[in-house]
Amino acid sequence: MSGMGDGYVGTAQDAVRIRRLEKQREAERRKIQELKTKSASAKGQPGLLQFGSSTSEILETAFKKETVGLVTREQYVEKRVNIRNKIEEEEKEKLQKLQQEEEELQLQKRKKRKVKGNSRLSFADDLENGSEEEDEENKSSEPKSFNRGKFGKDPTVETSFLPDSEREAEEQAERERLRKQWILEQEQIKNEPLQITYSYWDGAGHRRVIQVRKGDTIGEFLRAVQQQLAPEFREIRTTSVENLLYVKEDLIIPHQHSFYELIVNKARGKSGPLFHFDVHEDVRTIADATIEKDESHAGKVVERHWYEKNKHIFPASRWEIYDPTKKWERYTIHGD
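Residues numbered from 1 in each chain as written. Predicted model: local features only at pLDDT ≥ 70, side-chain atom pairs only at ≥ 80, totals over all residues. Heavy atoms only, no water.

Novice: Please clarify how unusual backbone geometry should be interpreted in this entry.
Specialist: Outside of glycine, negative phi angles account for most residues, and trans bonds account for most peptide bonds. In this model, Phe 314 is joined to Pro 315 through a cis peptide bond whose omega is 10°. Counting through the fold element by element, Pro 315 comes out in the loop between helix H10 (304-310) and strand S6 (320-321). Backbone geometry at Glu 249 places phi at a positive 55°, although glycine is not the residue there. Along the polypeptide, Glu 249 turns up in the loop between strand S3 (244-248) and strand S4 (251-252). Of note in this structure, Lys 266 is not a glycine but carries a positive phi near 50°. (Helix = DSSP H or I, 4+ residues; strand = E, 2+ residues; numbered from the N terminus.)

In structure tokens:
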């Protein structure tokens, strides 16, 4: 009984059974620990395509898992290349999938816009709410509907006031043609001969006739007169053209004006028209003050020196400088 004081230790079979149970518990404890370790590793590294991780991070994570322990250099390189290829293929598939989804989304948007643009058609509600069969029927009939509803020009409406580039170009070309034709005609008129009856006045009249062109100026006319009178009058030989004056219908015509201007503008002087250069009287059977006289008197060619000396004496006292802007309503009596 002395052994009972130390406690009961069991038989040898009990001891064997206890050691067996302890080994089983230890094995189960190791399995549980391994499962915990694997679970923690899986939570920290959820996979090759973990969202938010970069390609380099995913590659390193996968490569570390594949190269646990000692590996050769060839195995190291091979595994790294395989992992990279696998990641690239997965990323390419993911990119293709995203592109396909984007194309489908754009196609849906275009269909919506097309339905919205056709809302003015009578079958717009059917396009929005109908089935696929109705959509196909509407698509086939849509061009016909547009063709029937297309607007055209009304031939009965007046459109001449609207801008038309072709018509404006034709009108501009016609205006240019008429302008050139008018210039050519005017040049022909200026080159026509003009016979002028004039009187060299030195206190008495010396009537002469000379021929010039209608486009000649008064200065050119006086140069021709000087050449005509020089053999006969000594004072004309010694003077210059600038010192000669041409007086027509009591108006002194400046040298720069031309006969063409006087003719085209139907210019009139104090005692008669400035566009007639012959001499004729107004012969009437019945006097009528309402009808303007058509008398034409010979123009006078005088020296400036003689005019300055005698401008206070008739007829020089009636003379004044020609002004194209001044109009003479009535002719006054002419004294020759």
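Novice: Looking at this structure, I do not really get the nonpolar core. What am I missing?
Specialist: Note on soluble globular proteins: their nonpolar side chains tend to be buried together. Membership of the largest hydrophobic core comes to 25 residues, with the highest contact counts inside it found for Ile 196, Phe 221, Leu 222, Tyr 246 and Phe 259. Elements with a contribution of two residues or more to this core: strand S1 (193-201), strand S2 (205-213), helix H7 (218-229), S3 and helix H9 (259-264). Among the elements that take part in this core, H7 stands out by supplying five residues, more than any other. Setting aside residues up to four positions removed in sequence, Phe 259 forms contacts with Leu 194, Ile 196, Val 212, Arg 213, Lys 214, Asp 216, Thr 217, Ile 218, Phe 221, Tyr 246 and Phe 277. Residues Trp 201, Val 247, Val 302 and Ala 316 belong to the second largest nonpolar core, which totals nine residues. (Core = buried A, V, L, I, M, F, W, Y, C linked by side-chain atoms within 4.5 Å. Buried < 20%, exposed > 50% of the residue type's maximum accessible area, 1.4 Å probe, protein only. Contact = heavy atoms within 4.5 Å.)

Novice: For this particular structure, what's the right way to read the confidence of the model for the chain?
Specialist: Low-pLDDT stretches of the model should not have their predicted coordinates read in fine detail. Confidence in the prediction of the chain, expressed as mean pLDDT, is 76, and 68% of residues score 70 or more. Taken as a whole, residues 1-5 scores under 50 in pLDDT and shows zero contacts with residues more than four places along the chain or in a different chain. Counting interchain partners and residues more than four positions distant, the pLDDT-below-50 stretch residues 287-291 has one contact. (pLDDT = per-residue confidence, 0-100.)

Novice: I tried to follow the sheet that holds S4 on my own but got confused; where do I start?
Specialist: Sheets are built from strands that pair by backbone hydrogen bonding, the pairs being arranged parallel or antiparallel. The strand order S2-S1-S5-S3-S4-S6 describes an open sheet built from six strands, whose pairing is mixed. Each having just a single partner strand, S2 and S6 make up the two edges of the open sheet. Both S4 and S6 contribute to a ladder of two bridges, which runs parallel. Bridge pairing in S6 places Leu 251 opposite Glu 320. This element, H7, spans S1, S2, S3 and strand S5 (299-303) of the sheet and lies at about 125° to S2. (Pairing = 2+ DSSP bridges. Axes fitted to C-alpha atoms, helices over the stretch in contact; angles between N-to-C directions.)

Novice: Teacher, can you tell me more about the pairing of S5 here?
Specialist: Remember that side chains alternate between the two faces of the sheet whenever the strand is regular. Counting buried positions along S5 gives five out of five residues, so the element sits mostly inside the fold. The alternating pattern of S5 places Gly 299, Val 301 and Glu 303 and Lys 300 and Val 302 on opposite faces, both of which are buried. Bridge count between S3 and S5: four bridges; the pairing is antiparallel. Across the sheet, residue Leu 244 finds its bridge partner in S5, namely Glu 303.

Novice: Honestly, the pattern of salt bridges in this entry has me stumped. Any pointers?
Specialist: Working definition: two side chains of opposite charge can pair if their charged atoms are close together. Counted under the stated rule, the structure contains twelve salt bridges. The shortest N-O distance in the salt bridge between Arg 213 and Asp 216 comes to 3.0 Å. Residue Arg 213 is classed as partly exposed on the basis of its relative accessible area, which comes to 35%. Sharing partners across several salt bridges, the network here consists of Glu 26, Arg 29 and Arg 30. (Salt bridge = Lys/Arg side-chain N within 4 Å of Asp/Glu carboxyl O.)

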